[in-house]
Amino acid sequence: AQRVTQPEKLLSVFKGAPVELKCNYSYSGSPELFWYVQYSRQRLQLLLRHISRESIKGFTADLNKGETSFHLKKPFAQEEDSAMYYCALTGANNLFFGTGTRLTVIP
Amino acid sequence: NAGVTQTPKFQVLKTGQSMTLQCAQDMNHNSMYWYRQDPGMGLRLIYYSASEGTTDKGEVPNGYNVSRLNKREFSLRLESAAPSQTSVYFCASSETVKRIQYFGPGTRLLVL
């Protein structure tokens, strides 16, 4: 089965602390992986994708094919990072989202 | 550009009633999707349309039907609403299935 797992439903960190949102996947082919974010009262939007290898809002994510992981990291969390984060995988014609992690950054 | 628009924003139905959720995109995207978002369940794909004229089932299609009316529009129909269909419904579109998805604002549906 092709699935995306986000083991943490809720994650709280203090402002300035490092944050890591975990994402593991299972897929038999060559997936494309994304992180989407939903801020309060806003639409779900793309944060970053693995093929871009870029840093958005200080976040980075590295695809680890050996561990089948695509964890999202930021060295210093900010209050405006509080949001719902979804890891997503697309294959040939399939799309799967994880169950999401709600990140709260405590001032 | 408006991007992806959805109507209505909020709807209350009684069990057994029917309704259609409308979605339109103005980005000339080929692929469109319907998701439902439930607490603790994340986003689950109901149906998608990889290109105009095609539709395919996603993870949770039971109780729903879809119509890709044209390249711009993709509607979701509930023929006989059930309380289990109380959810927030999101429409999305992308250039192709493997590309970045752009989401609508969502429709909050309450089935009593």
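To keep things clear, this report deals only with the structure shown in the data block. (Residues numbered from 1 in each chain as written. Chains lettered and ligands numbered in written order. Predicted model: local features only at pLDDT ≥ 70, side-chain atom pairs only at ≥ 80, totals over all residues. Heavy atoms only, no water.)

Focus on the interface of chain A and chain B
At the junction of the two partners, chain A supplies 19 residues and chain B supplies 20 residues. Carbon and sulfur atoms supply 55% of the area that chain A and chain B bury against each other, a total of about 1,800 Å² over both sides. Joining chain A to chain B, the criterion identifies five residue pairs in polar contact (both at pLDDT 80 or more). No other element matches strand S5 (residues 32–38) of chain A, which puts four residues into the side of chain A that touches chain B. (Contact = heavy atoms within 4.5 Å. Buried area = accessible area lost by both parts, 1.4 Å probe. Polar contact = N/O pair within 3.5 Å; in protein donor to acceptor, adjacent residues only side chain to side chain. Helix = DSSP H or I, 4+ residues; strand = E, 2+ residues; numbered from the N terminus.)

Topic: the state of the cysteines
Applying the stated criterion to the full structure yields two disulfides over all chains. The disulfide that involves Cys23 of chain A links it to Cys87 of chain A, with 2.0 Å between the sulfurs. Of note, the bridge from Cys23 of chain A to Cys87 of chain A carries an S-S torsion of about -65° and is left-handed in sense. Highlighted residues: Cys23 of chain A in the loop between strand S3 (19–21) and strand S4 (24–26) and Cys87 of chain A in strand S9 (residues 83–90), separated in sequence by 64 residues. Note on Cys87 of chain A: relative accessible area 0%, which makes it buried. Two residues share a disulfide in this structure: Cys23 of chain B and Cys91 of chain B, whose sulfurs sit 1.8 Å from each other. (Disulfide = S-S within 2.5 Å. Buried < 20%, exposed > 50% of the residue type's maximum accessible area, 1.4 Å probe, protein only.)

Considering the pattern of salt bridges
Tallying each qualifying case throughout the model produces eight salt bridges over all chains. Glu79 of chain B serves as the salt-bridge partner of Arg77 of chain B, at 3.1 Å between the closest nitrogen and oxygen. Using a relative accessible area of 28% as the deciding quantity, one classes Arg77 of chain B as partly exposed. When its relative accessible area of 43% is taken as the criterion, Glu79 of chain B is described as partly exposed. In the salt-bridge network here, residues are joined through shared partners; they are Glu20, Lys22 and Lys73 of chain A. (Salt bridge = Lys/Arg side-chain N within 4 Å of Asp/Glu carboxyl O.)

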